[in-house]
Amino acid sequence: AQSVAQPEDQVNVAEGNPLTVKCTYSVSGNPYLFWYVQYPNRGLQFLLKYITGDNLVKGSYGFEAEFNKSQTSFHLKKPSALVSDSALYFCAVVSLASYNFNKFYFGSGTKLNVKP
Amino acid sequence: NAGVTQTPKFRVLKTGQSMTLLCAQDMNHEYMYWYRQDPGMGLRLIHYSVGEGTTAKGEVPDGYNVSRLKKQNFLLGLESAAPSQTSVYFCASSPREAGDRNEQFFGPGTRLTVL
């Protein structure tokens, strides 16, 4: 069965410091991995995805994520956090076992708080 | 290009009432989805559709029905609302090309309260 775990309900970081939001996954087969951000009272916005190739993926708003197959992780990172990055972040996985149809499995979400 | 839109934005129902949530997308996407979002549980797939006239059950389909009569619209119905269906509902769509490599595009959500 496919699943995604976001072990931290909340991450607090000071503005200007690096941030990491953790995600681990469990799938049968090779994973496709995604990160989304949700601002208050808004829908989810796509940040970045890993399909294949370079393990370090760059996305929107200065975010990047590192795919680690041995640790089955896909952590979201940013070198210098902004107060405006405060939001709810979701990791999602699609398994190739679902064959050409992207049925997503979402994590429970991590609330990022960036303090001035 | 409005993307994915949802109607209504907010709704309060009494137990046993029925309602329909409308999702529309103008990106000519084949695939459409309905999710519910509950605190601490992320998003859970209710129903989805891989094309006009086709629908399928997701992870939590009980108490909901859907229809996809037109490619651009995906309707979610609650026949007899229950307090357990209090949630935020999101619609999403994605293109068929390169199927599972595509991100999904989300609407702004509908906040439903069932009293």
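No experiment lies behind these values; they were computed from the predicted model shown.

Colleague: Sorry, what's going on with the state of the cysteines here?
Modeller: Two cysteines form a disulfide when their sulfur atoms are joined by a covalent bond. Under the defined criterion, the tally for this structure stands at two disulfides over all chains. Here cysteine 23 of chain A connects covalently by a disulfide to cysteine 91 of chain A, the sulfurs 2.0 Å from one another. Between cysteine 23 of chain A and cysteine 91 of chain A the disulfide shows an S-S torsion of about -65°. By sign, it is left-handed. Placement of the pair is cysteine 23 of chain A in the loop between strand E3 (19–21) and strand E4 (24–26) and cysteine 91 of chain A in strand E10 (residues 87–95), with a sequence separation of 68 residues. Judged by its relative accessible area of 0%, cysteine 91 of chain A falls in the buried class. A sulfur-sulfur distance of 1.9 Å marks the disulfide that ties cysteine 23 of chain B to cysteine 91 of chain B. Sign of the S-S torsion, about -75° for the bond between cysteine 23 of chain B and cysteine 91 of chain B, identifies this disulfide as left-handed. Here the residue cysteine 23 of chain B occupies a position in strand E3 (residues 19–25), and cysteine 91 of chain B occupies one in strand E9 (residues 87–94), the gap between them amounting to 68 residues. Pair check on accessibility: cysteine 23 of chain B and cysteine 91 of chain B agree, each one buried.

Colleague: Whenever I open this one, the sheet that holds E3 of chain B confuses me. Can you help?
Modeller: Strand pairing within a sheet occurs via backbone hydrogen bonds; the two strands may be parallel or antiparallel. All names here are of chain B. Across the sheet, which stays open at both edges, the four strands sit in the order E1-E3-E8-E7 with antiparallel pairing between neighbours. Only two strands of the sheet have a single partner each, and these edge strands are strand E1 (4–7) and strand E7 (65–67). Each adjacent strand pair in this sheet contributes to an overall mean axis angle of 20°, direction not counted. Pairing of E1 with E3 involves four bridges; the strand directions are antiparallel. Each bridged residue has a counterpart across the sheet, and for threonine 7 the counterpart in E3 is leucine 22.

Colleague: Explanation requested: the pairing of strand E5 (residues 31–38) of chain A in the structure shown.
Modeller: The side chains of a regular strand alternate, first on one face of the sheet and then on the other. Residues and elements named next belong to chain A. Most of E5 is tucked away, with eight of its eight residues classed as buried. Of the two faces of E5, the one holding Pro31, Leu33, Trp35 and Val37 and the one holding Tyr32, Phe34, Tyr36 and Gln38 are both buried throughout. As defined by bridge partners, E5 adjoins strand E6 (residues 44–50) across six bridges and the pair is classed as antiparallel. For glutamine 38, the partnering residue across the bridge sits in E6 and is leucine 44.

Colleague: What should I look at first to understand the layout of surface pockets in this one?
Modeller: Gaps left between atoms show up when a probe the size of a water molecule is rolled over them. What the largest pocket holds in volume is close to 600 Å³. For the largest pocket, the lining is made up of 27 residues, of which Gln38, Asn41 and Leu88 of chain A together with Gln37 and Arg111 of chain B are closest to its centre. Elements supplying a minimum of two residues to the lining of the largest pocket: E10 and strand E12 (110–115) of chain A together with E9 of chain B. When the residues that make up the lining of the largest pocket are grouped by side-chain class, the tally is 11 nonpolar, 10 polar and six charged.

Colleague: In this structure, what is going on with the side chain of histidine 75 of chain A? I would like to understand it.
Modeller: Residue and element names in this part refer to chain A. Inspection of the secondary structure assignment puts histidine 75 in strand E9 (residues 73–78). Taking the relative accessible area as the measure of exposure, histidine 75 reaches 18% and is therefore buried. Contact partners of histidine 75, with chain neighbours within four places excluded, come to Thr20, Val21, Lys22, Cys23, Thr24, Trp35, Glu64, Ala65 and Glu66.

Colleague: Explain the interface of chain A and chain B to me, please; I cannot follow it from the model alone.
Modeller: Interfaces are frequently sized by the accessible area removed from exposure as the parts join. With 25 residues of chain A at the interface, the matching set in chain B holds 24 residues. Here chain A packs against chain B, burying approximately 2,000 Å² in sum over the two surfaces, 53% of which is carbon and sulfur. Inspection of the chain A/chain B interface yields one salt bridge. A salt bridge links lysine 49 of chain A to glutamate 103 of chain B; the nearest nitrogen and oxygen atoms lie 3.0 Å apart. Linking chain A with chain B are three residue pairs in polar contact (both at pLDDT 80 or more). Elements with a contribution of two residues or more to the side of chain A that touches chain B: E5, E6 and E10 of chain A. For the side of chain A that touches chain B, the per-class residue count stands at 14 nonpolar, eight polar and three charged.

Scoring rules and cut-offs
Residues numbered from 1 in each chain as written. Chains lettered and ligands numbered in written order. Predicted model: local features only at pLDDT ≥ 70, side-chain atom pairs only at ≥ 80, totals over all residues. Heavy atoms only, no water. Disulfide = S-S within 2.5 Å. Helix = DSSP H or I, 4+ residues; strand = E, 2+ residues; numbered from the N terminus. Buried < 20%, exposed > 50% of the residue type's maximum accessible area, 1.4 Å probe, protein only. Pairing = 2+ DSSP bridges. Axes fitted to C-alpha atoms, helices over the stretch in contact; angles between N-to-C directions. 1 Å grid on protein atoms, 1.4 Å probe; cavity = no way out; pocket = protein on both sides within 12 Å on 5 of 7 lines; lining within 4 Å. Points joined across faces, edges and corners; volume = space filled by probe spheres on them. Nonpolar A, V, L, I, M, F, W, Y, C, P; charged D, E, K, R; others polar. Contact = heavy atoms within 4.5 Å. Buried area = accessible area lost by both parts, 1.4 Å probe. Salt bridge = Lys/Arg side-chain N within 4 Å of Asp/Glu carboxyl O. Polar contact = N/O pair within 3.5 Å; in protein donor to acceptor, adjacent residues only side chain to side chain.

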